[in-house]
Amino acid sequence: MSSRTVQFKQVDVFTPVPFKGNPLAVIFDAEGLTTQRMQEIARWTNLSETAFLMPPTNPRADYRVRIFTTAVELPFAGHPTLGSAHALIDAGYTPKTPGRLVQECGIGLVTLAERGNVDGGEWAFAAPPAAIAPLSDAQSERLAAALAPAVIDFSAPPAAVDNGAPWLVVRVEDAAQCLAMSLRGAARESLATLVADVGTHGIAVYGPHEAGEPATFELRVILLGAENIEDPVTGSANAALATLLRAQDQRPGQSFTVRQGTALGREGRVSIEYDDAGDGAPIWIGGASVTVIDGTFRI
């Protein structure tokens, strides 16, 4: 089989410090690769996602990306969106519009904006539109029983939120409960069944920090299937959280921060900013990224 060598980067997303965020493999110049080959490569890198960059088909876009887990292709995911943007700029790309990027992916076009609030800057993506489906009373009771002794804060009712990556978003009373949560045995099985019933990848549990703490909320995202897999930092789940807070009139302000990955020894930081109070206005999900590996890849 013939092969060629392309540029490759492995970046850490939602952190300015290597090894503290969520890693992403980025393969450049991926046009011509079959879906099967991309899936094989993603399985081999063995990261939560691998992004394949190629020229856009839409003239409005700066680039096109296809995103693969080790098992399936995703129409959208947040940390690959930010990581791909960082990798592209780090490789010397000049955006069509200064300070803006337009990504073409499975859900269509996603706009990114450059932010200057960290050393070296960061990028933020406009959260895609999301469908919100509240749980039934029976589903809420099952959820409360499975999460005990953590206590659900029903002033922000749990809901399934789908922005291209569906999550069951649940608020507990505080950040300490979120961090202490343990999903094992019968609780895990019950939650796995509930997650399947509502059609989500997993559960995104968040709780508020006390004033003066390093973030507004603590978030943990757990994929439920054959085994529990906790995701270090999750852009789509943070976008789902921000969208749900606005829909429930629970926004903590014009902007806020989320800490994720603490239980895994990571230090992910996600910045969330609302353009304004209108339901149709963009919600920007941002974070720093850092290149950890820079080299070539034989495909």
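Remember, predicted model here, so these are calculated numbers, not experimental data.

1. Thoughts on the overall build of the chain
Part 1 of the reasoning: Looking only at helices and strands, the chain has six helices and 18 strands in total.
Part 2 of the reasoning: A globule of 299 residues ought to have a C-alpha radius of gyration of about 19 Å, and the chain, at 19 Å, matches this closely.
Part 3 of the reasoning: C-alpha atoms of the chain, sized along the principal axes, occupy 55 × 40 × 35 Å.
Part 4 of the reasoning: Counting all 299 residues of the chain, 52% fall into the buried class.
Part 5 of the reasoning: Restricting to contacts in the chain with at least 6 residues of sequence separation, those with at least 24 account for 64%.
Part 6 of the reasoning: Carbon and sulfur atoms make up 50% of the accessible area of the chain, which totals about 12,900 Å².
Part 7 of the reasoning: If the 22 positive side-chain charges of the chain are averaged to one point and the 33 negative ones to another, these points end up 6 Å apart.

2. Thoughts on the pattern of salt bridges
Part 1 of the reasoning: Across all of its chains, the model carries nine salt bridges by this definition.
Part 2 of the reasoning: Close ionic contact of D90 with K9 constitutes a salt bridge, the shortest N to O distance being 3.0 Å. Taken together, the positions of D90 in helix α2 (residues 78-90) and K9 in strand β1 (residues 5-13) put the pair 81 residues apart, joining distant regions of the chain.
Part 3 of the reasoning: Judged by relative accessible area, D90 falls into the partly exposed class, the value being 39%.

3. Observations regarding the environment of S190
Part 1 of the reasoning: Relative to the helices and strands, S190 resides in helix α5 (residues 185-198).
Part 2 of the reasoning: In this structure S190 comes out as partly exposed when scored by relative accessible area, which is 27%.
Part 3 of the reasoning: Residues contacting S190, with those up to four places away along its chain left out, are R142 and A146.

4. Things to note about the pairing of β1
Part 1 of the reasoning: Where β1 lies against strand β18 (residues 289-298), nine bridges are found, and the strand directions are antiparallel. Bridge pairing links V6 to F297 in β18.
Part 2 of the reasoning: Sheet analysis places β1 next to strand β2 (residues 22-27), joined by six bridges and oriented antiparallel. Paired with Q10 across the two strands is A25, which belongs to β2.

5. Things to note about the domain arrangement of the chain
Part 1 of the reasoning: We note that the domain assignment places domain 1 (5-129 + 287-298) and domain 2 (131-281) within the chain.
Part 2 of the reasoning: Its C-alpha centre places domain 1 at a distance of 24 Å from the equivalent point of domain 2.
Part 3 of the reasoning: Seen at the junction of domain 1 and domain 2, the total is one salt bridge.
Part 4 of the reasoning: In this structure, E273 and R115 form a salt bridge, with 3.9 Å as the shortest nitrogen-oxygen distance.
Part 5 of the reasoning: Applying the counting criterion to the domain 1 and domain 2 interface returns five residue pairs in polar contact (both at pLDDT 80 or more).
Part 6 of the reasoning: For the side of domain 1 that touches domain 2, the secondary structure elements donating two or more residues are β2, α2 and β8 (122-126).
Part 7 of the reasoning: Per-class residue counts for the side of domain 1 that touches domain 2 are twelve nonpolar, six polar and three charged.

What counts, and at which threshold
- Residues numbered from 1 in each chain as written.
- Predicted model: local features only at pLDDT ≥ 70, side-chain atom pairs only at ≥ 80, totals over all residues.
- Heavy atoms only, no water.
- Helix = DSSP H or I, 4+ residues; strand = E, 2+ residues; numbered from the N terminus.
- Rg over C-alpha atoms; globule rule 2.2 N^0.38 Å.
- Buried < 20%, exposed > 50% of the residue type's maximum accessible area, 1.4 Å probe, protein only.
- Contact = heavy atoms within 4.5 Å.
- Areas by Shrake-Rupley, 256 points an atom, 1.4 Å probe, with all protein chains shown as cover.
- Lys, Arg positive; Asp, Glu negative; His and termini not counted.
- Charge placed at Lys NZ, Arg CZ, Asp CG, Glu CD.
- Salt bridge = Lys/Arg side-chain N within 4 Å of Asp/Glu carboxyl O.
- Pairing = 2+ DSSP bridges.
- Domains from an automatic or database assignment.
- Polar contact = N/O pair within 3.5 Å; in protein donor to acceptor, adjacent residues only side chain to side chain.
- Nonpolar A, V, L, I, M, F, W, Y, C, P; charged D, E, K, R; others polar.

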